[in-house]
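Spelled out, the chains give:
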Amino acid sequence: MGRKGLGWYHGESRAASAALSQKGVGRNMRDILRRSHREDERDAGAGGDLWVRCSKCKELLYRPEHEQNLWVCSKCKHHFRVAAPDRIHITADPGSFEERDADLPPMDPLHFRSGVRTYREKLEQSAAATGSPEAFLYGLARIDDSPCVLGVIEIEFIGGSMGAIVGEKVTRAIETSIATNLPLILFSSSGGARMQEGVVSLMQMAKTLARLDDLGAASVPFVSVMTDPCYGGVTASFAMLGDVNIGEPGAFIGFAGPRVIEQTTRERLPPGAAQSEFLLSHGMLDLVVPRPEMRTMLARLLRIYAARSTAAYGSGEAFLESRSAPPEKVAVGA
Amino acid sequence: MGRKGLGWYHGESRAASAALSQKGVGRNMRDILRRSHREDERDAGAGGDLWVRCSKCKELLYRPEHEQNLWVCSKCKHHFRVAAPDRIHITADPGSFEERDADLPPMDPLHFRSGVRTYREKLEQSAAATGSPEAFLYGLARIDDSPCVLGVIEIEFIGGSMGAIVGEKVTRAIETSIATNLPLILFSSSGGARMQEGVVSLMQMAKTLARLDDLGAASVPFVSVMTDPCYGGVTASFAMLGDVNIGEPGAFIGFAGPRVIEQTTRERLPPGAAQSEFLLSHGMLDLVVPRPEMRTMLARLLRIYAARSTAAYGSGEAFLESRSAPPEKVAVGA
Amino acid sequence: MELEWEGPVRQLDGEIANIRRVNPDDDRIKSLEEDREARLRDLYQELSPWQTVQVARHRDRPYLLDYIKWMFTDFVEVHGDRRFGDDRAILGGPALLDGTPLMVIGHQKGRDTASNLMHNFGMPNPEGYRKAIRLFRHAEKLGLPVLTLVDTPGANPSLPAEERGQAQAIAESIAVMLSLRVPTICVVTGEGGSGGALAIAVADRLAMLQYSILTVASPEAAASILWRDASQAPEAAAVMRITGPELVELGIVDSLIPEPPGGAHRDHAGAARLLREHVLAMLEELRGEDVEDLIRKRHDKYRNIGRP
Amino acid sequence: MELEWEGPVRQLDGEIANIRRVNPDDDRIKSLEEDREARLRDLYQELSPWQTVQVARHRDRPYLLDYIKWMFTDFVEVHGDRRFGDDRAILGGPALLDGTPLMVIGHQKGRDTASNLMHNFGMPNPEGYRKAIRLFRHAEKLGLPVLTLVDTPGANPSLPAEERGQAQAIAESIAVMLSLRVPTICVVTGEGGSGGALAIAVADRLAMLQYSILTVASPEAAASILWRDASQAPEAAAVMRITGPELVELGIVDSLIPEPPGGAHRDHAGAARLLREHVLAMLEELRGEDVEDLIRKRHDKYRNIGRP
Ligand SMILES: [Zn+2]
Ligand SMILES: [Zn+2]
């Protein structure tokens, strides 16, 4: 179970990558990367391969440089959306990511069809387009040498919506944190629930929170990072209940999206409303962290929390003993 | 310990009253009653004994009728302040109140003197004026036959301020509830902390809340009734943490009083601000209950909560067993 | 509020009324009434999902305060979230059900413009969920079982609601329900709309009234998202499995509670009586359960929804 | 900000500066400096309560963020109460103290108009206390000891603060501290003003910096209440027992933390070093204490203040 990280993507092990690809479990990260920004690229015209247009300030950006800038516009600091594997690449230490449950197949609990097309077909198309079988991936990782469990929602996979398998994998990420006693870091970006899975999708909110409650009882920290856009059942469940809630600058975060609010209230939202900085000032976020500083911030939090296990204060240990399974022995990224 | 209720005040046992008076533990409730409304009476002029002027609408009210109306103005429904023994009289079933710690003497932890006058002297004067040795009285009672622990702050005693003995007696009222497993009902009205006891007074907030935490652990309900005025350390400790918070209509309730706020912000408060109805609409109170309906409401709550002990659900019993002393055997008002 | 497909019944109603006006003792009345009952029963035996949506949203359907009136011998509505305000779309308080004290919490809709404005069409703001959380804690402290009644189009979508943390409030309410140390029962009585419903619906027992619905998004919203056409709501209702029988089949809902003939909106007292019996039975099932077991089972139940 | 009664020291400061301007190596400098040190030490050895009030309120006194800068190797300030806003008069977050992770929370004042407006002169709104409550729970969940630093004139007296439940927030914060399942340490570093201070001061260990104060009401407010004359604040300070030594004698405060010669405002780094040592010693005392014992002792400690 699990494949050996994204190390090959860092140019360390292209042979391994090829080997994994042959086994059908690897994906071409470059391809994913290219596809992941296509909305921003629409205006880029013929030079689309080398140039990207910023959807906010309309500046044309040179792609290699733009990638170096972690897909943050060099002119206006607009944070472009990032594909899930790229997020792991720019967050985890090189070679440290060990994916888990990479091959968990999608589910179709309602046997849903919409007109002539089945949901199964849509899932297959999304998998082909993103290189991922579902909208969430997770695994063990290190950030500046501190071990953690790291998970990311793939917004490009049916809008990052949470169906049974996204809920299942988020839950398994939490369970991995409980079992290993390693802090959990989740990057969330989602349009909300997966319509095609109906109430099964809705119930993933309760499913993930049931295990998050156990994570709390086990005294394991959870850092939730919300990136643009983050709505609905994801925000209204685990994403908003981090011990530390972080937003990327300018990210739209909330229960209802701006379009829904504008349709209901028939008023335009004022500038900045429902974005990260707005949520920070209204007490919902702990921090708004620009992408280039995210790794440093996460590393600092992990460093502080890592020391807690040696401090032996208060309820932590007692809870751990009474409520969680004995820690699984793992050598992370070793 | 404890003297037999206010039953004699209901005209049931004047002989008993006289007997208790001779033992030096009874007080003349009629005297207290007369003194308790003197601020409202100031304008009453020569007919002061039979007529009372409403401080709000200026109507002259015939005293016997006014008492029948529970000191609520028949014209504008202004709720006059009520002396603590009167409050017990109009709340508890006749003859059911059994006072506890009636004779606990006052304390002077700082050996405080203000100019030529000592705090001891002020305490003695206040005791003489109100007929009570301190600003709080409590005991066992029944309301519409449901047993409870009932306590009342005497606002006329140095502004109902909470010093060591008020804190002590509130704490003992809570402890009585824990020991007897009977719901606690406290009527609070206070200007805040007792200046003459300095930080000892401040710490009564923590003292009362420490036991209130135990009351919660013992699953015993606490109904807090706030009457005009209720400020400072009393509101910012036990009074605001009732399982059910009730206000009398029009009562000023808050942390800082209107005068302090107006002095600080140099703006007049709008009408109704910081009064019961305002607090209700801002989510701080459960109910605003007119005085004539108070007994009925408290009885209903007691009736619902009384049934909880037979239901044997959830954590209640487990907590009781693990954290509180075995219930003291008492026959309340029997 | 008339349901189009109840036409045959309304026609009989008219006939009966006409005859009665001429002669209240006319022999035909009885058989016509029997005919009417039979037709109503037939109609309601095979409601389509979209028809169920219409019944679930019927303006005459009993709401929280109606059930409270019919079900409990004592009830005290308590107010406020102790942080900001008192939401009128979620109400609740301690109550006595056949001698058993419990905490009842639910959505409240209005029937006319004034009451709909007051209750915001049953769409709670964050204060509503935070009031619910406070009442959950109150119940937990005093060992009272919790009964929630769900009937909402969803949480209020507005900027002020976002400002005060609609998502946070819903998430916290679900989390608190999951860890509550008392037995919890939820009954969907009307519209169980999305996260705004789920926030108070995570319970040891989840039941639905016969003609209620539970949805991940309203059929209109789902049709919008799926086909960019809200008018295809009936089609969305048909494929999304939102009715009680479908959700029992999916293993998400534990049981169905029958409604009086022709739906709860025709007989509030009867609907409340059926609800009351069912709630008492569920309470009886949960009585004496160890708290730790209860929480473990509750966690497992939700853990296993959509488990491959 | 000049303290009137420091005149003799300022005079010597002037003399030393004059001589130094002429000849930085002048022999007299050393003896004058020794003289100055001695006078400062003398002055600060017998400060009156009112002088202590002035030092406790000194604008150059180190504030929370100054201590954080000097004391911790890692610190992340976290924000918000998850209900309404982010108060800037109470700040906090997880931090590393000599390898021990803890949660530090405290009042923050400003030094100039802009920063005083931002931090509201160190007077928190309900959001501040609710943020503190959230951080207490965060610490409890993760088993981090809690350190609070107290320096406030009091809670903000304003109608908006009342609207959002200032009293409720303070009461809840005290209650949460009393039941917290981790060790808690409070140090009064400046002005410990009334309920606004107590809200985050209920701890297993309560220490005071040498020249800090803890009051039931500011001396000005107390003089107003007692004598209807705020200008009698010095007299109120004299009789109300608000200084560290007096409160240790009363059994309310556990220990005093010395300040650098002439007060913490003259040497932030030195003050932080002394504070750090003392906090580490208190942490060591509490290490390994059983949680239930800790809570019982904490409850008993407060239960017994003003017990006849
Ligand atoms: Zn740009
Ligand atoms: Zn009047």
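If you're wondering where the values come from, they're calculated on a predicted model, not measured in any experiment. (Residues numbered from 1 in each chain as written. Chains lettered and ligands numbered in written order. Predicted model: local features only at pLDDT ≥ 70, side-chain atom pairs only at ≥ 80, totals over all residues. Heavy atoms only, no water.)

1. Points about a nonpolar patch on the surface
Residues and elements named next belong to chain A. On the surface, L50, W51, L60 and Y62 cluster together to form a nonpolar patch covering roughly 360 Å² of accessible area. Looking at the element boundaries, Y62 is found in strand β2 (residues 60-62). For Y62, a relative accessible area of 35% gives the class partly exposed. (Patch = residues over 30% accessible without salt bridge, like charges linked within 9 Å, V, L, I, M, F, W, Y side chains within 5 Å. Areas by Shrake-Rupley, 256 points an atom, 1.4 Å probe, with all protein chains shown as cover. Salt bridge = Lys/Arg side-chain N within 4 Å of Asp/Glu carboxyl O. Helix = DSSP H or I, 4+ residues; strand = E, 2+ residues; numbered from the N terminus. Buried < 20%, exposed > 50% of the residue type's maximum accessible area, 1.4 Å probe, protein only.)

2. Quick look at empty space enclosed by the protein
All chains considered together, the criterion is met by 9 cavities of 30 Å³ or more. The volume enclosed by the largest cavity comes to roughly 110 Å³. Looking at the lining of the largest cavity residue by residue, the classes come out as 8 nonpolar, 5 polar and 5 charged. (1 Å grid on protein atoms, 1.4 Å probe; cavity = no way out; pocket = protein on both sides within 12 Å on 5 of 7 lines; lining within 4 Å. Points joined across faces, edges and corners; volume = space filled by probe spheres on them. Nonpolar A, V, L, I, M, F, W, Y, C, P; charged D, E, K, R; others polar.)

3. Looking at the side chain of C:R164
Locating C:R164 in the fold gives a position in the loop between α7 (159-163) and α8 (166-179). When its relative accessible area of 13% is taken as the criterion, C:R164 is described as buried. Only 2.7 Å separates the side chain of C:R164 from the side chain of C:E127, close enough to count as a polar contact. Apart from the residues lying within four places of it in its own chain, the contact partners of C:R164 are A:M284, C:F84, C:N125, C:P126, C:E127, C:R130 and D:R83. (Polar contact = N/O pair within 3.5 Å; in protein donor to acceptor, adjacent residues only side chain to side chain. Contact = heavy atoms within 4.5 Å.)

4. Section: the domain arrangement of chain C
Residues and elements named next belong to chain C. According to the domain assignment, chain C contains domain 1 (4-45) and domain 2 (49-303). The C-alpha centroid of domain 2 is placed 34 Å from the C-alpha centroid of domain 1. Contact with domain 1, which involves 7 residues of that partner, is made by 9 residues of domain 2. A per-residue breakdown of the area domain 1 buries against domain 2 is headed by W5, L40 and Y44, which together make up 70% of the total. Linking domain 1 to domain 2 there are 1 salt bridge. A salt bridge links E6 to R266; the shortest N-O distance between them is 2.8 Å. Remark: the boundary between domain 1 and domain 2 carries 4 residue pairs in polar contact (both at pLDDT 80 or more). Taken together, the residues of the side of domain 1 that touches domain 2 sort by class into 3 nonpolar, no polar and 4 charged. (Domains from an automatic or database assignment. Buried area = accessible area lost by both parts, 1.4 Å probe.)

5. Brief notes about the sheet that holds strand β3 (residues 98-100) of chain B
Residues and elements named next belong to chain B. Taken together, 7 strands build an open sheet; the order of strands is β3-β6-β7-β8-β9-β10-β11 and the sheet is mixed. Each edge of the open sheet carries a strand with a single partner, namely β3 and β11 (287-288). The pairing of β3 with strand β6 (residues 136-143) spans 3 bridges and is classified as antiparallel. Across the sheet, residue E98 finds its bridge partner in β6, namely L140. Helix α5 (residues 84-91) rests against β6, β7 (146-153), β8 (184-190) and β9 (222-230) of the sheet, and its axis sits at about 160° to β7. (Pairing = 2+ DSSP bridges. Axes fitted to C-alpha atoms, helices over the stretch in contact; angles between N-to-C directions.)

6. Overview of the coordination of the zinc ion (ligand 1)
All names here are of chain A. Distances from the zinc ion (ligand 1) to its protein donors, C54 (SG), C57 (SG), C73 (SG) and C76 (SG), fall at 2.2 to 2.3 Å. Bound by 4 donor atoms, the zinc ion (ligand 1) shows angles of 105 to 112° at the metal and therefore tetrahedral coordination geometry. Linear spacing of the donor residues for the zinc ion (ligand 1) on their chain is C-x2-C-x15-C-x2-C. You can see C54 sitting in the loop between β1 (51-53) and β2 and its partner C76 sitting in the loop between α4 (63-68) and α5 (84-91), a full 22 residues away along the chain. (Donors = N, O, S within 2.8 Å, 3.2 Å for Na, K, Ca; no water. Tetrahedral: all angles 85-135°; square planar, octahedral: opposite > 155°, others 65-115°.)

7. What to know about the side chain of D:R134
Note that D:R134 resides in helix α6 (residues 126-142). In this structure D:R134 comes out as buried when scored by relative accessible area, which is 14%. For D:R134, the side chain forms a polar contact with the main-chain oxygen of D:H79, separated by 2.9 Å. Not counting residues up to four positions away in its chain, the partners in contact with D:R134 are A:D243, A:D286, D:V78, D:H79, D:G80, D:D81 and D:R82.

8. Some words on the interface of chain C and chain A
With 46 residues of chain C in contact, the opposing surface of chain A contributes 52 residues. Between chain C and chain A, a total of about 4000 Å² is buried, with carbon and sulfur atoms accounting for 75% of that surface. Linking chain C to chain A there are 2 salt bridges. A salt bridge links C:R303 to A:E168, with the shortest nitrogen-to-oxygen separation between them at 2.9 Å. Linking chain C to chain A there are 13 residue pairs in polar contact (both at pLDDT 80 or more). When residues of the side of chain C that touches chain A are traced back to their parent elements, those giving at least two are α7, α8, α9 (194-198), β7 (213-215), α10 (219-227) and α14 (291-303) of chain C. When residues of the side of chain C that touches chain A are assigned to their parent elements, the largest contribution, 10 residues, is made by α8(C). Here the residues of the side of chain C that touches chain A sort into 27 nonpolar, 11 polar and 8 charged.

9. Structural notes on the confidence of the model for chain C
In the predicted model, chain C carries a mean pLDDT of 96, and 100% of its residues have values of at least 70. Confidence estimates for the predicted assembly give a pTM of 0.92 and an ipTM of 0.93. (pLDDT = per-residue confidence, 0-100.)

10. Describing the coordination of the zinc ion (ligand 2)
Residues and elements named next belong to chain B. In the first shell of the zinc ion (ligand 2), the protein supplies C54 (SG), C57 (SG), C73 (SG) and C76 (SG), at 2.3 Å from the metal. For the zinc ion (ligand 2), the 4 donor atoms in the first shell make angles of 105 to 112° at the metal, a pattern classed as tetrahedral. Along the chain, the residues donating to the zinc ion (ligand 2) fall in the pattern C-x2-C-x15-C-x2-C.

11. Concerning helix α9 (residues 204-217) of chain B
All names here are of chain B. When the terminal C-alpha atoms of α9 are compared, their 20 Å separation across 14 residues agrees well with the 20 Å that a helix rising 1.5 Å per residue should span. Most of α9 is tucked away, with 13 of its 14 residues classed as buried. Where α9 terminates, the next one or two residues include S219, which has phi positive at roughly 60°. (Expected span 1.5 Å × (residues − 1).)

12. A word on the packing of α8(C) against α14(C)
Residue and element names in this part refer to chain C. Viewed as axis vectors pointing N to C, α8 and α14 meet at an angle of 130°, and their least axial separation amounts to 8 Å. Taken together, the axes of α8 and α14 lie oblique to each other. In contact with M177, L178 and S179 of α8, α14 contributes I295, R298, H299 and Y302. Classifying every residue of the contact of α8 with α14 by side-chain character gives 4 nonpolar, 2 polar and 1 charged. (Parallel < 35°, antiparallel > 145°, perpendicular 65-115°, else oblique.)

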